[in-house]
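Structure assessment
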Amino acid sequence: GAVVSQHPSRVICKSGTSVKIECRSLDFQATTMFWYRQFPKQSLMLMATSNEGSKATYEQGVEKDKFLINHASLTLSTLTVTSAHPEDSSFYICSARLGFGTDTQYFGPGTRLTVL
Amino acid sequence: DAKTTQPPSMDCAEGRAANLPCNHSTISGNEYVYWYRQIHSQGPQYIIHGLKNNETNEMASLIITEDRKSSTLILPHATLRDTAVYYCILNSGGSNYKLTFGKGTLLTVNP
């Protein structure tokens with residue numbers, strides 16, 4: 001099956017700093033990548049959708065200036081949490097899909113962010 | 001707004017079949033039924049999907065009723081490693097290819 005990786009798997013940072021999370025599709029080219037956030041004991045919530053070479057589309061309530069998304073190639077998308085605060089502590093998960101239509105979405109292993 | 005309804009939890013004995021139900025009475029004609037699962041502290045894992053025909057792969061079988069208003073995911077021989085939250089999600093693809101995760105079903109496989 002298609003493999004998606006994320007780096008780092010966990011990160012601890014100080015309040016006010018920025019953190020970059022990478023999402024890579026290892027054995028396929030992803031037309032679209034998605035970023036989700038999951039708080040403890042809750043389900044995944046979609047943050048944004050990014051298409052290669054274009055600006056990301058953010059879900060309602062997600063600050064685009066705080067969560068910067070770059071999708072520069074068909075195999076790499078990055079999420080940068082700027083000026084992180086303790087309330088940004090969460091499990092961030094990316095996914096990628098092959099193309100248009102009902103192609104399956106494959107998920108990365110997630111990144112645990114803890115902001116002190 | 002969840003378009004699917006799943007029981008919050010289920011138990012299954014190791015080695016037995018696990019049958020996870022999902023109701024989607026308002027499903028549209030072009031919507032596929034997708035199943036994912038999430039093992040604790042990991043990203044979701046794709047299991048299977050279908051439109052109207054029953055589907056089977058190496059992980060599971062998907063049975064969709066003729067009226068498409070409900071479906072059942074079957075894990076034929078559950079193991080302890082199948083303990084996870086299972087999500088039933090509808091999606092029509094195209095430009096609206098977003099997955100909306102509900103609360104899912106926590107399946108606990110007992111020894």
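Residues numbered from 1 in each chain as written. Chains lettered and ligands numbered in written order. Predicted model: local features only at pLDDT ≥ 70, side-chain atom pairs only at ≥ 80, totals over all residues. Heavy atoms only, no water.

1. With respect to the environment of Ser-41 of chain B
Stated precisely, the cut-off is as follows: Comment: elements are numbered from the N terminus, with helices defined as DSSP H or I runs of at least four residues and strands as E runs of at least two. Under the scheme applied here, a residue whose accessible area is under 20% of the maximum for its type counts as buried, over 50% as exposed, and between as partly exposed, the area being computed with a 1.4 Å probe on protein chains only. Contacts between residues were defined by any pair of non-hydrogen atoms, one from each residue, lying within 4.5 Å. Here a polar contact is taken to be a pair of N or O atoms separated by no more than 3.5 Å, where protein atoms must pair a possible hydrogen donor with a possible acceptor and residues adjacent in sequence count only if both atoms sit in side chains.
For Ser-41 of chain B, the position within the fold is in the loop between strand 3 (32–38) and strand 4 (45–50). By relative accessible area, which is 40% here, Ser-41 of chain B ends up partly exposed. Remark: the alpha-carbon pair of Ser-41 of chain B and Ala-18 of chain B, spanning 23 residues in sequence, is separated by 22 Å. The residues touching Ser-41 of chain B, leaving out its near neighbours within four places in the chain, are Phe-91, Pro-109 and Arg-112 of chain A. A polar side-chain atom of Ser-41 of chain B sits 3.3 Å from a polar atom in the side chain of His-40 of chain B.

2. So, the side chain of Glu-31 of chain B
All names here are of chain B. Mapped onto the elements of the fold, Glu-31 is located in the loop between strand 2 (18–23) and strand 3. Separated by 2.8 Å, the side chain of Glu-31 and the backbone nitrogen of Ser-28 make a polar contact. Leaving out residues up to four positions away in the same chain, Glu-31 has contacts with Lys-3, Thr-26, Leu-51, Arg-68, Leu-90, Asn-91 and Ser-92.

3. With respect to the state of the cysteines
Let me state the cut-off plainly: We call a pair of cysteine sulfur atoms a disulfide when they lie within 2.5 Å.
Under the counting rule described, the total for this entry stands at two disulfides over all chains. Cys-23 of chain A shares a disulfide with Cys-94 of chain A; S-S distance 2.0 Å. For the disulfide bridge between Cys-23 of chain A and Cys-94 of chain A, the dihedral angle about the S-S bond is near 80°, and by the sign convention the bridge is right-handed. Of this pair, Cys-23 of chain A sits in strand 3 (residues 19–25) while Cys-94 of chain A sits in strand 9 (residues 90–97), and the two are 71 residues apart along the sequence. Taken as a pair, Cys-23 of chain A and Cys-94 of chain A share a single burial class, namely buried. The disulfide partner of Cys-22 of chain B is Cys-88 of chain B, and the gap between their sulfur atoms is 2.1 Å. Here the disulfide of Cys-22 of chain B and Cys-88 of chain B is left-handed, its torsion about the S-S bond being about -80°. With a gap of 66 residues between them, Cys-22 of chain B in strand 2 and Cys-88 of chain B in strand 8 (residues 84–91) connect regions that are remote in the sequence. Of the two residues examined, Cys-22 of chain B and Cys-88 of chain B, each falls in the buried class. Not engaged in a disulfide, the cysteine Cys-13 of chain A finds its nearest cysteine sulfur in Cys-94 of chain A; these two sulfurs lie 18 Å apart. Classification of Cys-13 of chain A as buried rests on a relative accessible area of 10%.

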